[in-house]
Amino acid sequence: FAVLRDSSLELYTCCLSSASQLRYVHAGRESEDASADQRNAGHTALIDAQAAACRRWVDAFCAALRAKGERLDGQLCWDFMCTDGDAVRAFPLECNPRVHSQCVVFGAANGDQ
């Protein structure tokens, strides 16, 4: 889930799929302050690598928009399929131009739940 302003990333989170759509935990190394919660959620080095691949894709998407002079504002939610192995890559399956329920991780970072 991302919030873009002028094709620049303002907010971003990457989460594993949640069957209940209520138990999101931000995936990725930049959230090491919540490492105990992540270990309990089953986060692994592979998940960190896949989260980083998704972030690289989103960063490249935003850079391509800016390079073309495109101005995109809004909330976007992507679904990705990621490879495993040494060179993890992310492939977008779909993009939805709307808020997503995983936006709750932003409030959780401040202790609001």
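For every chain, the first residue of the written sequence is number 1, and numbering continues from 1 onward in sequence order. In view of the model being predicted, local features appear only for residues whose pLDDT reaches at least 70, and side-chain atom pairs are presented and counted only at 80 or more, with totals across whole chains, interfaces and linings using the full set of residues. As a rule here, side-chain values come from all non-hydrogen atoms in the structure, and water together with hydrogens is ignored.

S.K.: Hey, could you run me through the environment of Asn96 in this one?
M.R.: The secondary structure listing takes helices from DSSP runs of H or I that are at least 4 residues long and strands from runs of E that are at least 2 residues long, numbered from the N terminus. Here Asn96 shows up in strand 4 (residues 90-96). According to the relative accessible area criterion, Asn96 is buried, its value standing at 17%. A C-alpha to C-alpha distance of 8.5 Å links Asn96 and Gln75, two positions 21 residues apart in sequence. Here a residue-residue contact requires only that any non-hydrogen atoms of the pair lie within 4.5 Å. Residue contacts for Asn96: discarding those within four places in its chain leaves Gln75, Leu76 and Cys77. Throughout this description, buried means an accessible area under 20% of the type-specific maximum (1.4 Å probe, protein chains only), exposed means over 50%, and partly exposed covers the range between.

S.K.: Can you walk me through helix 2 (residues 45-67) in this structure?
M.R.: Within an α-helix, residues lying three or four positions from one another point in the same direction, as the helix has 3.6 residues per turn. In this model, helix 2 (23 residues) spans 33 Å end to end at C-alpha, consistent with the 33 Å of a helix rising 1.5 Å per residue. Restricting attention to buried positions, one finds in helix 2 the residues Ile47, Asp48, Gln50, Ala51, Ala53, Cys54, Val58, Cys62 and Leu65. As for helix 2, its buried residues are in contact with strand 1 (2-5), strand 2 (8-12), strand 3 (74-82) and strand 4. Taken from the residues just after helix 2, Gly69 is the one with a positive phi, measuring 80°. To estimate the expected span of a helix, subtract one from its residue number and multiply by 1.5 Å.

S.K.: Explanation requested: unusual backbone geometry in the structure shown.
M.R.: For residues that are not glycine, phi is negative in most cases, and the peptide bond is trans in most cases. In this structure, Asp6 is a non-glycine residue whose phi angle is positive, near 55°. Inspection of the secondary structure puts Asp6 in the loop between strand 1 and strand 2. Phi is positive for Ser7, close to 65°, though the residue is something other than glycine. Structurally, Ser7 can be placed in the loop between strand 1 and strand 2.

S.K.: Teacher, can you tell me more about the sheet that holds strand 4 here?
M.R.: Each strand in a sheet pairs with another by means of backbone hydrogen bonds, the pair being arranged parallel or else antiparallel. Pairing between strands is defined by DSSP: at least two bridges between them are needed. The antiparallel open sheet is built from four strands, whose spatial order is 2-1-3-4. Since the sheet does not close on itself, it has two edges, and those belong to strand 2 and strand 4, each with one partner. Mean inter-strand twist for the sheet, computed between neighbouring axes without regard to direction, equals 40°. When strand 1 meets strand 2, the two strands line up antiparallel, connected through four bridges. Each residue of the ladder has a partner; that of Arg5, found in strand 2, is Ser8. In this analysis an axis means a line fitted to C-alpha atoms, helices contributing only their contacting stretch, and an angle means the value between N-to-C directions, from 0 to 180 degrees.

S.K.: Just checking my understanding: could you explain the packing of aromatic side chains for this structure?
M.R.: The description of two aromatic rings rests on the distance between their centres and on the angle between their planes. Here a Phe, Tyr or Trp ring, Trp counted by its six-membered ring, pairs with any other such ring whose centre lies within 6.5 Å, and the pair is stacked when the planes are under 30 degrees apart, edge-to-face when over 60, and tilted otherwise. The tally for this structure, following the rule as stated, stands at five aromatic pairs. An angle of 35° between the planes, with centres 6.4 Å apart, marks the rings of Trp78 and Phe80 as tilted. Here Trp78 falls in the buried class, since its relative accessible area comes to 9%. Cluster of aromatic residues (ring-pair linked, three or more members): Trp57, Phe61, Trp78 and Phe80.

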